[in-house]
Amino acid sequence: MQRIAIFPGVFDPVHIGHINVSRAVLDIVQADKIIFLPCSIPPYPKPSIEVNQRREMCRLAISGENDLYLADEAPLASGCNIIDSIDNLQDLNGKAEYY
């Protein structure tokens, strides 16, 4: 069974620390992939960069990383909380072990 780690965050901005943590998770839990999930509506002050710009920064930061992916637009619908987003990711990725 595939192992998928979900990495939610504001990523304002995404940086090498996020990538290093992702690599460590891949090694420690032996995940097959990590899906970055930029939060569209975080529970604290508004990010300085809009979600579409943060998504693009994440896409650029993980390009060239084989096991790191950006969540599709669907889980990030406005008004979704993190649990709804994770449920959407499970619907899109099917049966797997999620971390």
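The model shown is predicted, which means the values in this text are computed figures rather than measured ones. (Residues numbered from 1 in each chain as written. Predicted model: local features only at pLDDT ≥ 70, side-chain atom pairs only at ≥ 80, totals over all residues. Heavy atoms only, no water.)

1. A word on the sheet that holds strand E4 (residues 97-98)
Two modes of strand pairing occur in sheets, parallel and antiparallel, and in both the strands are linked by backbone hydrogen bonds.
Then, in step 1: One open sheet accounts for four strands, arranged E3-E2-E1-E4; its pairing is parallel. Only two strands of the sheet have a single neighbouring strand rather than two, namely strand E3 (68-70) and E4.
Then, in step 2: Sitting on the sheet, helix H1 (residues 16-28) is in contact with strand E1 (3-9), strand E2 (33-38) and E3, with an inclination near 145° to E2.
Then, in step 3: Taken strand by strand, helix H2 (residues 51-62) contacts E2 and E3, and its axis lies near 160° from that of E3. (Pairing = 2+ DSSP bridges. Helix = DSSP H or I, 4+ residues; strand = E, 2+ residues; numbered from the N terminus. Contact = heavy atoms within 4.5 Å. Axes fitted to C-alpha atoms, helices over the stretch in contact; angles between N-to-C directions.)

2. Brief notes about the pattern of salt bridges
Then, in step 1: Tallied over the full model, the rule gives three salt bridges.
Then, in step 2: Notably, a salt bridge pairs arginine 3 with glutamate 97, separated by 3.6 Å at the nearest N-O pair. Of this pair, arginine 3 sits in strand E1 while glutamate 97 sits in strand E4, and the two are 94 residues apart along the sequence.
Then, in step 3: A salt bridge links arginine 23 to glutamate 65; the shortest N-O distance between them is 2.5 Å. On the criterion of sequence distance, the pair formed by arginine 23 in helix H1 and glutamate 65 in the loop between H2 and E3 is long-range, its members being 42 residues apart.
Then, in step 4: What makes glutamate 65 partly exposed here is its relative accessible area of 23%. (Salt bridge = Lys/Arg side-chain N within 4 Å of Asp/Glu carboxyl O. Buried < 20%, exposed > 50% of the residue type's maximum accessible area, 1.4 Å probe, protein only.)

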